[in-house]
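# Architecture at a glance
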Amino acid sequence: MTLEQVSLNQAHGGQQGVWRHQSAETGGTMSFSVFVPPHEEGARLPVLWYLSGLTCTHANVTEKGEFRAACARHGIIFVAPDTSPRGEDVADDDAYDFGKGAGFYVDATQAPWAPHYRMRSYIEQELPALVAQHFPADMARQGITGHSMGGHGALTIALRNPGRFASVSAFAPIVSPMQCPWGHKALGGYLGDDQAAWRGYDAVALIEDGARLPDLLVDQGLADGFLAEQLKTPLLEAACREAGIPATIRMQAGYDHSYYFISSFMAQHVKWHAQRLNQRAG
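Figured I'd write up the structure that's included with this text. (Residues numbered from 1 in each chain as written. Predicted model: local features only at pLDDT ≥ 70, side-chain atom pairs only at ≥ 80, totals over all residues. Heavy atoms only, no water.)

## A closer look at the overall build of the chain
Of the regular secondary structure elements, the chain holds nine helices and nine strands. For 282 residues, the compact-globule estimate of 2.2 N^0.38 gives 19 Å, and the C-alpha radius of gyration of the chain, at 17 Å, lies within 12% of that figure. For the chain, the C-alpha atoms occupy an extent of roughly 50 × 45 × 35 Å along the three principal directions. Within the chain, the proportion of its 282 residues that are buried is 59%. (Helix = DSSP H or I, 4+ residues; strand = E, 2+ residues; numbered from the N terminus. Rg over C-alpha atoms; globule rule 2.2 N^0.38 Å. Buried < 20%, exposed > 50% of the residue type's maximum accessible area, 1.4 Å probe, protein only.)

Pasting the structure below:
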């Protein structure tokens, strides 16, 4: 698997790069960003995956997430993939919440989405192999986080892959796509009408069906206009409580759904992940 360098900049003593490659899973060119902190030659570093939300690419968090200082301090590689397949031959929709920029981290089964919309397999299999091959990544120490649709992705990927991630967090995640308009549109469109097929892409349903996390950190803004209808954080709180999952779910007064919110708490999340990633190293 080969990588093409799009850009490379020094930051906080490390290197912030953007890369692209030809993806076998999505059948097109995919781009992602990687921050590699300063490190000793030969060192292998833990990896923190960040999954972005609706309408975003890798660029949103790379430019506005304010993660690099904390990642440099704690010695963590930060990887930010795209949110969907791209290209002229990729099916799309005029709405912002479906199609390009709105892949929902699923492997689609319905026409015309199935040939390219394979973000689950891309994030779970293809991209980790690429990162392991080309960067000084210790794949035994992985954490995952994300925002909104990406928070949904982070939670469901971690729940479906027990033991892979030493740490899991989220910013304003869509906790139960089966119970919100965004999710009904996306899961119905990509997967069809059989809601039994949706459960593997719903964090609350996965927990109800027996999936577990060692612990969890979530920040959610109380001034977030999507909280009541789309995000439904209390459903995740209840599911974790019922399942006995230790969950720190912080409702932050005055914060909205934007990167002003994400960047305010990013350093805390990076530190939280670092503590757990370093424990795994021991």
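From this point on, the discussion continues.
## Observations regarding helix α8 (residues 233-243)
Among the residues of α8, those classed as buried are Thr233, Leu236, Ala239 and Cys240. Taken end-on, α8 shows its buried residues confined to a sector of 125 degrees, consistent with a single buried face. Exposed and facing more than 90 degrees away from the buried side of α8 are Pro234, Arg241 and Glu242. Buried residues belonging to α8 abut α4 (149-160), α6 (203-208), β8 (216-221), α7 (227-231) and β9 (247-252). Backbone geometry just downstream of α8 places glycine 244 in the positive-phi region, at approximately 75 degrees. (Arc of directions from axis to C-beta. Contact = heavy atoms within 4.5 Å.)

## Looking at the nonpolar core
Phe32, Phe78 and Tyr190 are the most contacted members of the largest nonpolar core, which totals 90 residues. In terms of residue count, the dominant contributor to this core is helix α9 (residues 259-281) (eight residues). Aside from chain neighbours lying at most four places away, what touches tyrosine 190 is Phe98, Gly99, Ala102, Gly103, Phe104, Val106, Ala108, Thr109, Gln110, Trp113 and Tyr117. (Core = buried A, V, L, I, M, F, W, Y, C linked by side-chain atoms within 4.5 Å.)

## Concerning the side chain of histidine 269
Structurally, the position occupied by histidine 269 is in helix α9. Within the structure, the side chain of histidine 269 is placed 2.7 Å from the side chain of aspartate 219, a separation counted as a polar contact. Those residues in contact with histidine 269, other than ones at most four positions away along the chain, are Thr145, Ser169, Ala170, Phe171, Leu217, Asp219 and Arg250. (Polar contact = N/O pair within 3.5 Å; in protein donor to acceptor, adjacent residues only side chain to side chain.)

## Side note on the packing of aromatic side chains
Within the structure shown, the criterion is met by 14 aromatic pairs. On the numbers, 4.8 Å between centres and 45 degrees between planes, the contact of tryptophan 182 with phenylalanine 226 is tilted. Residue tryptophan 182 is found in helix α5 (residues 181-191), and its partner phenylalanine 226 is found in the loop between β8 and α7; the two are separated by 44 residues along the sequence. Note on phenylalanine 226: relative accessible area 32%, which makes it partly exposed. (Phe/Tyr/Trp six-rings, centres within 6.5 Å; stacked < 30°, edge-to-face > 60°.)

## Topic: the environment of methionine 1
Mapped onto the secondary structure, methionine 1 falls in the segment before β1 (4-11). Methionine 1 gets classed as partly exposed once you look at its relative accessible area, which sits at 47%. Sequence spacing of methionine 1 and leucine 227 is 226 residues, and the spatial spacing of their C-alpha atoms is 40 Å. Those residues in contact with methionine 1 that lie beyond four places of it in its chain are Glu126, Ala129, Leu130, Gln133 and His134.

## Regarding the pattern of salt bridges
Considering all chains together, one arrives at twelve salt bridges under this definition. Ionic pairing is found between aspartate 82 and arginine 86, a salt bridge with its closest N-O pair at 2.8 Å. Judged by relative accessible area, which is 4%, aspartate 82 ranks as buried. For aspartate 219, the salt bridge is made with arginine 250, and the minimal N-O distance between the two is 2.7 Å. In this pair, aspartate 219 sits in strand β8 while arginine 250 sits in strand β9, placing the two residues 31 residues apart along the sequence. Arginine 250 sits in the partly exposed class, given a relative accessible area of 25%. One connected set of salt bridges, linked through shared partners, spans Glu25, Asp107 and Arg118. (Salt bridge = Lys/Arg side-chain N within 4 Å of Asp/Glu carboxyl O.)

## Considering the pairing of strand β7 (residues 165-171)
Of all the seven residues making up β7, seven are buried; the element is thus mostly covered by neighbouring parts of the structure. Examined bridge by bridge, strand β6 (residues 137-146) and β7 share three bridges and lie parallel to one another. Looking across to β7, one finds that glutamine 142 is bridged to phenylalanine 165. Regarding topology, α4 serves as the crossover connection from β6 to the parallel β7, and that connection is right-handed. (Pairing = 2+ DSSP bridges. Right-handed = clockwise from strand over helix to strand, strands pointing away.)

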